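Topology and contacts: notes
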Amino acid sequence: VLLAERKIPHAGIFGNHDDEATMSRARQMALMETLPYSLSQAGPADVDGVGNYYIEVLGRGGSDHSALTIYLFDTHAYSPNERKYPGYDWIKPSQIQWFKKTAASLKRSHAEYSHGHMDIAFIHIPMTEYANPELPRVGEWREGVTAPVYNSGFRDALVEEGVVMVSAGQ
């Protein structure tokens, strides 16, 4: 209600607790898509997860060119193989393929923005690399990292496509 009253655009992603109650992720996304000022959208049906999508933010002054692309990913819930990889789930190969294909298809139009285009990403469950204290981070580290044990190579794909920032958490 507060976002709608203030006419603030918003987008949502899913994490580990989002389908533990009575409503599936697909139903939640369908509801989110109807909310005023929501930019949330169900991702492609052939990609694992419900909330894999991107948002283009146009440049200032009525520009027709994207200054920022925000990629949003469904990080699922718990490991599908608790014995071998206990804990949380990870970004799947179909999501990585979707991301790489999408990023590649947008590169030409992004190059047309004269002030330098940026790509960023949002996830709920952190990547495995978040547990590595040697990697750069901004902000305070107030609790331990609860990342997946299995590393799907998602960070490598983000780096290859030029994503400059990834935010994880609630």
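Cut-offs and rules
Residues numbered from 1 in each chain as written. Predicted model: local features only at pLDDT ≥ 70, side-chain atom pairs only at ≥ 80, totals over all residues. Heavy atoms only, no water. Pairing = 2+ DSSP bridges. Helix = DSSP H or I, 4+ residues; strand = E, 2+ residues; numbered from the N terminus. Axes fitted to C-alpha atoms, helices over the stretch in contact; angles between N-to-C directions. Salt bridge = Lys/Arg side-chain N within 4 Å of Asp/Glu carboxyl O. Buried < 20%, exposed > 50% of the residue type's maximum accessible area, 1.4 Å probe, protein only. Phe/Tyr/Trp six-rings, centres within 6.5 Å; stacked < 30°, edge-to-face > 60°. Core = buried A, V, L, I, M, F, W, Y, C linked by side-chain atoms within 4.5 Å. Contact = heavy atoms within 4.5 Å. Arc of directions from axis to C-beta. Polar contact = N/O pair within 3.5 Å; in protein donor to acceptor, adjacent residues only side chain to side chain. Expected span 1.5 Å × (residues − 1). Bend = angle between axes of the 7 residues up to and from the residue.

Read from one edge to the other, the open sheet built from four strands follows the order S1-S2-S3-S4, with strand pairing classed as mixed. The strands lining the two open edges of the sheet, one partner per strand, are strand S1 (53–58) and strand S4 (163–168). Each neighbouring strand pair of the sheet contributes to a mean axis angle of 20°, computed without reference to strand direction. Strand direction decides the pairing type here: S1 and strand S2 (residues 66–72), joined by six bridges, are antiparallel.

It is worth spelling out the pattern of salt bridges at this point. In the structure shown here, the tally under the stated rule is four salt bridges. Across the pair aspartate 89 and lysine 92 runs a salt bridge whose closest N-O atoms are separated by 2.6 Å. Classification of aspartate 89 as buried rests on a relative accessible area of 7%.

Let us look at the packing of aromatic side chains. Summed over all chains, the structure comprises nine aromatic pairs. Their ring planes at 75° and their centres at 5.6 Å tell us that tyrosine 85 and tryptophan 90 sit as a pair that is edge-to-face. With centroids separated by 4.8 Å and ring planes inclined at 50°, the aromatic side chains of tryptophan 90 and tyrosine 150 adopt a geometry described as tilted. One end of the pair, tryptophan 90, is in the loop between S2 and helix H3 (93–111); the other, tyrosine 150, is in the loop between strand S3 (118–123) and helix H4 (154–160), and 60 residues separate them in sequence. The exposure class of tryptophan 90 is buried, given its relative accessible area of 11%. When its relative accessible area of 31% is taken as the criterion, tyrosine 150 is described as partly exposed. By way of ring pairs, the aromatic residues Tyr54, Tyr71, Phe73, Trp98, Phe99 and Phe154 are connected into one cluster.

Membership of the largest hydrophobic core comes to 16 residues, with the highest contact counts inside it found for Tyr71, Phe73, Trp98, Phe99, Ala121, Phe154 and Leu158. Secondary structure elements with two or more residues in this core: H3, S3 and H4. Per element, the largest residue contribution to this core is five residues, and it comes from H3. Beyond its immediate sequence surroundings of up to four residues, tryptophan 98 is in contact with Pro44, Val47, Asn52, Tyr53, Tyr54, Tyr71 and Phe73. Ranked by size, the runner-up nonpolar core spans ten residues in total, among them Met32, Val50, Ile55 and Ile120.

So, about helix H2 (residues 25–34). All buried positions along H2 are accounted for by Arg25, Gln28, Met29 and Met32. Relative to the axis of H2, the buried residues are bounded by an arc of 100° and lie together on one face. Along H2, the residues that are exposed and aim more than 90 degrees away from the buried face are Arg27 and Thr34. Packed against the buried residues of H2 are S1.

So, on to the side chain of serine 66. Tracing the sequence through the fold places serine 66 in strand S2. Among the polar contacts listed, one links the side chain of serine 66 to the backbone oxygen of leucine 68, at a separation of 3.2 Å. In contact with serine 66, other than residues within four places in its own chain, are Glu56, Val57, Leu58, His110, Tyr113 and His117.

Relative to the helices and strands, glutamine 41 resides in the loop between H2 and S1. Note: C-alpha distance between glutamine 41 and glutamate 129 (88 residues apart in sequence) is 27 Å.

Let us now look at H3. For H3, spanning 19 residues, the distance from its first C-alpha to its last is 27 Å, which sits close to the expected 27 Å at 1.5 Å a residue. At serine 105, H3 shows its largest bend, some 30°. Turning to H3, its buried residues are Ser94, Gln95, Ile96, Trp98, Phe99, Thr102, Ala103, Leu106 and His110.

Just geometry here; none of it tells us what the structure is for.
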